[in-house]
Amino acid sequence: MPKPKVLITRRVHPDALRRVEEHAEVDVWTEDRPMPREELLKRVGSVEGLYTMLTDRVDEELLERAPHLRVVSNMAVGYDNIDVDACTRRGIPVGHTPGVLTDTTADLAFALILAAARRLVEGVDYVRAGHWHTWSPDLLLGYDVYGATLGILGLGRIAAAVARRAQGFGMRVLYTSRRQHEETEAALGIHRVDLDTLLREADILSIHTPLTPETYHLIGETELRRMKPTAILVNTARGGVVDPDALYRALKEGWIAYAALDVTEPEPIPADHPLLRLPNCIVLPHIGSATHATRRRMALMAAENLLAGLRGEPLPHCVNCAQLGGPYDH
Ligand code: DGY
């Protein structure tokens with residue numbers, strides 16, 4: 001039996017590549033940039049399995065060009081780059097990588113909270129620029145994290161892991177979410193409030209909601225104006241949840257104090273973007289899950305999802321398997 005053809009859209013961990021190669025004929029895009037769209041559309045024509053990154057758009061157009069496709073496996077927990085409904089209509093399961101990046105991403109969210117509240121990046125820049133001539137009583141004053149109120153927007157795994165870290169800092173934690181999470185509330189002593197209360201009460205607002213049509217620009221001018229002038233906004237979820245023009249004005253005009261973003265809209269953010277000129281805005285290049293161990297785990301999990309799909313079995317971590325029903329009949 002010939003091995004099924006698979007396209008992997010970026011260089012992934014060698015253990016994951018080896019695993020896929022055991023069972024499939026693999027085409028890998030090895031350049032240090034996402035596959036150009038035209039190239040991707042060209043190469044999907046003959047593949048049965050597609051192993052994607054969050055930078056690849058899997059939409060109707062791509063699916064039209066991929067008549068043999070039987071599984072899409074995204075090496076990310078988020079899958080807003082994939083038109084899941086379009087995949088479901090074609091009976092194509094979509095895999096993702098939940099769980100394995102939770103603590104790594106929560107660590108980064110907390111690093112951003114601390115970096116913003118205590119103005120770490122400004123401090124580093126200050127020293128590097130040779131401005132540090134003496135100790136000053138009012139140099140780079142920031143905000144206390146311990147004892148502050150953390151507002152969590154969207155209570156998934158990563159948000160709960162951030163809330164766990166907040167316990168160690170004696171923080172009061174509020175969250176808003178479509179549903180009540182009684183168990184997490186009891187375990188972590190956190191409380192559900194409506195969005196308005198969250199915005200008004202949070203000293204630090206940490207965004208953890210996936211990007212969907214409902215959450216696109218959920219945080220815009222109205223919401224930012226409701227926040228405290230001393231508030232810090234942290235986003236490690238998806239850039240599109242925050243309106244960047246409103247955020248720029250909020251930071252420039254002092255509606256809020258600081259923003260720390262691991263994700264932006266657009267992504268990558270252009271080097272001349274106005275947000276990057278603000279001293280009270282930290283931007284990282286979407287590295288929430290970027291540790292050696294976690295990226296290996298993600299790559300392996302995506303490999304297992306892909307291989308299960310090629311075998312016609314339910315994916316271990318599947319976005320649309322419930323909609324597709326039992327084992328797939330290809
Ligand atoms: C994800 O997995 O969705 C992150 O944004 C990248 O690790």
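Residues numbered from 1 in each chain as written. Predicted model: local features only at pLDDT ≥ 70, side-chain atom pairs only at ≥ 80, totals over all residues. Heavy atoms only, no water.

Participant: I'm lost on the domain arrangement of the protein in this one. Help?
Facilitator: Reports often express the size of an interface as the amount of accessible area lost when the parts come together. Entries for the protein in the domain assignment read domain 1 (5-99 + 292-324) and domain 2 (102-283). When each unit is reduced to the centre of its C-alpha atoms, the spacing between domain 1 and domain 2 is 31 Å. Taken together, the contact pairs seven residues of domain 1 with five residues of domain 2. Between domain 1 and domain 2, roughly 550 Å² of surface is buried when both sides are summed, and carbon and sulfur atoms account for 44% of that area. Our count for the domain 1 to domain 2 interface comes out at one salt bridge. Taken together, the connections running from domain 1 to domain 2 amount to three residue pairs in polar contact (both at pLDDT 80 or more). Grouping the amino acids of the side of domain 1 that touches domain 2 by side-chain chemistry returns two nonpolar, three polar and two charged. (Domains from an automatic or database assignment. Contact = heavy atoms within 4.5 Å. Buried area = accessible area lost by both parts, 1.4 Å probe. Salt bridge = Lys/Arg side-chain N within 4 Å of Asp/Glu carboxyl O. Polar contact = N/O pair within 3.5 Å; in protein donor to acceptor, adjacent residues only side chain to side chain. Nonpolar A, V, L, I, M, F, W, Y, C, P; charged D, E, K, R; others polar.)

Participant: Is there a simple way to explain helix 12 (residues 292-310) in this structure?
Facilitator: One full turn of an α-helix is made of 3.6 residues, so residues set three or four places apart face in the same direction. Counted at 1.5 Å a residue, the expected span for helix 12 with its 19 residues is 27 Å, and the 27 Å between its end C-alpha atoms agrees. Where helix 12 is concerned, the buried positions are T294, M298, A299, M301, A302, A303, N305, L306, L307, A308, G309 and L310. Where helix 12 is buried, its residues contact strand 1 (5-8), helix 1 (14-23), strand 3 (49-52), strand 4 (71-74), strand 5 (94-95) and helix 5 (102-117). Downstream of helix 12 by a residue or two, G312 has a phi angle that is positive, lying close to 80°. (Helix = DSSP H or I, 4+ residues; strand = E, 2+ residues; numbered from the N terminus. Expected span 1.5 Å × (residues − 1). Buried < 20%, exposed > 50% of the residue type's maximum accessible area, 1.4 Å probe, protein only.)

Participant: Explain the environment of E304 to me, please; I cannot follow it from the model alone.
Facilitator: As for its placement among the helices and strands, E304 is situated in helix 12. Separated by 11 residues in the primary sequence, E304 and L315 have C-alpha atoms spaced 7.7 Å apart. If sequence neighbours within four positions are ignored, E304 has contacts with R19 and P316. Among the polar contacts listed, one links the side chain of E304 to the side chain of R19, at a separation of 2.5 Å.

Participant: Where do I start with the sheet that holds strand 7 (residues 172-176) in this structure?
Facilitator: Sheets are built from strands that pair by backbone hydrogen bonding, the pairs being arranged parallel or antiparallel. Taken in spatial order, the seven strands line up as 8-7-6-9-10-11-12 in an open sheet, and their pairing is parallel. Only two strands of the sheet have a single neighbouring strand rather than two, namely strand 8 (191-192) and strand 12 (281-283). Across the sheet, helix 5 touches strand 6 (149-153), strand 9 (204-207), strand 10 (232-235), strand 11 (258-261) and strand 12, and the angle it forms with strand 10 is around 150°. Sheet contacts for helix 11 (residues 244-253): strand 10, strand 11 and strand 12; angle to strand 11, the most-contacted strand, approximately 140°. (Pairing = 2+ DSSP bridges. Axes fitted to C-alpha atoms, helices over the stretch in contact; angles between N-to-C directions.)

Participant: In this structure, what is going on with the pairing of strand 4? I would like to understand it.
Facilitator: On any regular strand, side chains alternate: one points to one face of the sheet, the next to the other face. The alternating pattern of strand 4 places V71 and S73 and V72 and N74 on opposite faces, both of which are buried. Here four bridges tie strand 3 to strand 4, and the two strands are oriented parallel to one another. In the sheet register, G49 faces strand 4, and the bridge partner there is V71. On the question of chirality, the crossover connecting strand 4 to the parallel strand 5 by way of helix 4 (residues 84-89) is right-handed. (Right-handed = clockwise from strand over helix to strand, strands pointing away.)

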